[in-house]
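Close look at the chain arrangement
Letter by letter, the chains look like this.
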Amino acid sequence: MTLRWEAFLDRVRERGEYDTTDDAERAARVVLALLGAHLVGDVRAELAARLPETLALILLNPLQAAEPLDPDRFVRATAAWIDGATETTALWDIGAVLSTAADAAGDDLTERVLLQLPPGYDILFGRPQPGQRP
């Protein structure tokens, strides 16, 4: 099921406790652009198909990553791309966006997305694996 633009941003706005939809959109654009650089093939295409068209295009035409970013570096990169963000606020942004994307994707696709990412991204998606508590 593809989420409509408004529905996706409303969920991100609620989860991220943003004051405006523009703030939610800014976070969604940055996080999905960075995520898209780490996904390939059918998994990226299937996730894009579950997102609103504008965000799907961002996921499919990502920022270029020279190497996979571990979760900590993903947080730092997100903070660098969002004006005024800190690593703490970027972590909040990431959680709001990726948990909404995971809900749109469903459990099976989210598991396949996580298999393409370095260990530790399950927490960023709001789906910690059992037995992995730090």
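Structural data are supplied above this passage.
Each value, and the rule that gives it
Residues numbered from 1 in each chain as written. Predicted model: local features only at pLDDT ≥ 70, side-chain atom pairs only at ≥ 80, totals over all residues. Heavy atoms only, no water. Helix = DSSP H or I, 4+ residues; strand = E, 2+ residues; numbered from the N terminus. Buried < 20%, exposed > 50% of the residue type's maximum accessible area, 1.4 Å probe, protein only. Core = buried A, V, L, I, M, F, W, Y, C linked by side-chain atoms within 4.5 Å. Contact = heavy atoms within 4.5 Å. Phe/Tyr/Trp six-rings, centres within 6.5 Å; stacked < 30°, edge-to-face > 60°.

Topic: unusual backbone geometry
- Here Glu 17, not a glycine, exhibits a phi torsion of approximately 55°, which is positive.
- Tracing the backbone shows Glu 17 in the loop between helix 1 (5-16) and helix 2 (21-36).
- Here Glu 17 falls in the exposed class, since its relative accessible area comes to 59%.

Comments concerning the nonpolar core
- If you look at the biggest cluster of nonpolar residues, it comprises 47 residues, and the most contacted ones within it are Phe 8, Leu 32, Leu 35, Leu 47, Leu 51, Phe 74 and Phe 125.
- Ignoring any residue separated from it by four or fewer positions in sequence, one finds Phe 8 in contact with Leu 3, Ala 28, Leu 32, Leu 51, Pro 52, Leu 55, Val 97, Thr 100 and Ala 101.

As for the packing of aromatic side chains
- Taken as a whole, this structure holds one aromatic pair when the rule is applied.
- Judged by centre distance (5.4 Å) and plane angle (70°), the ring pair of Phe 74 and Tyr 121 falls under edge-to-face. One end of the pair, Phe 74, is in helix 5 (residues 71-81); the other, Tyr 121, is in helix 8 (residues 121-124), with 47 residues separating them in the sequence.

All quantities given are derived from atomic positions and should not be read as evidence of function.
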